[in-house]
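Fold and geometry: a report
These are the residues of each chain, in order.
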Amino acid sequence: MKIATAQFTCVPADIPANVRQMTALADEARELGAELVVFPELALTGYELETLLAHRDLLVQADDPRLDEVRACGVATVVNCVTATGGERPAIETLVFGPDGDLITTYRKQRLFDHEQEVFAAGQHDGRFEWGGVRFALATCFDNHFPELVSRGAADGCQVHLASSLYGTGGGVDELAAVYPGIARDFNLHVVVANHVGPAGAWTGCGRSGLWAAGGGLLAQADGSTPMVVTAEVG
């Protein structure tokens, strides 16, 4: 299966503008032959924690009409966003849509990073799904730093590990370069990470979204400064 990872610069707290960007990237991925595209962490709003806390209208659900363009793009999409939980705090959640727009599965980030713990509720369940004859595991950014979470997906027969993330310039460059090929090597999984590029809340995304083969070999990687799509055959 050909999979795409897409990086872009989010418009802060502007869901329609970010959906337009995501749809254009998904269209490009489809034209390149990709069947599935992964977007960065909090792709719908940008990494704007204070704004998300103050404006509940930035929370979405899978059937939110603001996502219609993404759902109609003709490829499977991995969309990370903020959703209501029924409790006081929302969750950082991944929505996976099939090429027909139907919801395949959801996953809530389990390992909240630092200040996220003051804003969000942690997820309690792993995210996995089967589609197109391939079994996938889901994780979000800091989740990927915990081998026990990744190992459960490998033990459950997953072939591809999908990660929506935010790594900044500086130390984030080295983290991304170590964590994702490390997962591919240590757990014999194909790995796909989508990262921000450019301003992302208090951070500056370092780009370098990429795909690694099981065993750790790099298949394809974006640069550190340009919104773009990169693709590779995985699984």
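Refer to the structure presented above.
Because the structure is predicted, anything quoted here is derived from the model rather than measured.

To continue, consider the overall build of the protein. A tally of helices and strands in the protein yields 5 helices and 14 strands. Relative to the 2.2 N^0.38 estimate, which gives 18 Å for 235 residues, the radius of gyration of the protein is 16 Å and therefore close to what a compact globule would have. Based on the C-alpha atoms only, the size of the protein along its principal axes is roughly 45 × 35 × 35 Å. A fraction of 63% describes how many contacts in the protein between residues 6 or more apart in sequence connect residues 24 or more apart. Of the roughly 9,100 Å² that the protein leaves accessible, carbon and sulfur atoms contribute 48%.

Any two side chains of opposite charge can pair, on the condition that their charged atoms come close. In the structure shown here, the tally under the stated rule is 13 salt bridges. For E41, the salt bridge is made with K109, and the minimal N-O distance between the two is 2.8 Å. Within this pair, whereas E41 is found in the loop between β2 (36-38) and α2 (49-54), its partner K109 is found in the loop between β5 (103-108) and β6 (127-131), the two being separated by 68 residues in sequence. We classify K109 as buried; its relative accessible area is 1%. K109 is paired through a salt bridge with E116; the nearest N and O atoms lie 2.8 Å apart.

Moving on, we come to the sheet that holds strand β14 (residues 228-233). The pairing of strands in a sheet happens through backbone hydrogen bonds and is either parallel or antiparallel. Read across the sheet, 6 strands follow the order β5-β4-β3-β2-β1-β14 without closing on themselves; strand pairing throughout is mixed. Sheet topology places β5 and β14 at the edges, where each strand pairs with a single neighbour. Strand-to-strand twist of the sheet, defined as the mean angle between neighbouring strand axes without regard to direction, takes the value 25 degrees. Direction of pairing for β2 relative to strand β3 (residues 76-83): parallel, over a ladder of 3 bridges. When the bridges of β3 are listed, V38 appears paired with V78. Seen against the sheet, helix α1 (residues 15-31) touches β1 (2-7), β2, β3 and β14 and runs at an angle of roughly 35 degrees to β14.

This brings us to the sheet that holds strand β12 (residues 210-212). The strand order across the open sheet formed by 6 strands is β6-β7-β8-β9-β12-β13, and the pairing between neighbours is mixed. Strand pairing shows two members of the sheet lacking a second neighbour, β6 and β13 (218-221), which therefore form its edges. For this sheet the average axis-to-axis angle between neighbouring strands, irrespective of direction, equals 15 degrees. In this sheet, β12 lies alongside strand β9 (residues 190-194) in antiparallel orientation, the contact comprising 3 bridges. Each residue of the ladder has a partner; that of V193, found in β12, is G210.

Turning to the environment of T45, a few remarks are in order. Summarising the element assignment, T45 is placed in the loop between β2 and α2. Using a relative accessible area of 3% as the deciding quantity, one classes T45 as buried. Measuring from C-alpha to C-alpha, the distance between T45 and C81 comes to 7.2 Å, with 36 residues separating the pair along the chain. T45 has contacts with V11, P12, A13, I15, N18, L52 and L58, leaving out every residue within four places of it along the chain.

Rules and cut-offs
- Residues numbered from 1 in each chain as written.
- Predicted model: local features only at pLDDT ≥ 70, side-chain atom pairs only at ≥ 80, totals over all residues.
- Heavy atoms only, no water.
- Helix = DSSP H or I, 4+ residues; strand = E, 2+ residues; numbered from the N terminus.
- Rg over C-alpha atoms; globule rule 2.2 N^0.38 Å.
- Contact = heavy atoms within 4.5 Å.
- Areas by Shrake-Rupley, 256 points an atom, 1.4 Å probe, with all protein chains shown as cover.
- Salt bridge = Lys/Arg side-chain N within 4 Å of Asp/Glu carboxyl O.
- Buried < 20%, exposed > 50% of the residue type's maximum accessible area, 1.4 Å probe, protein only.
- Pairing = 2+ DSSP bridges.
- Axes fitted to C-alpha atoms, helices over the stretch in contact; angles between N-to-C directions.

Taken by themselves, the reported measurements are silent on function.
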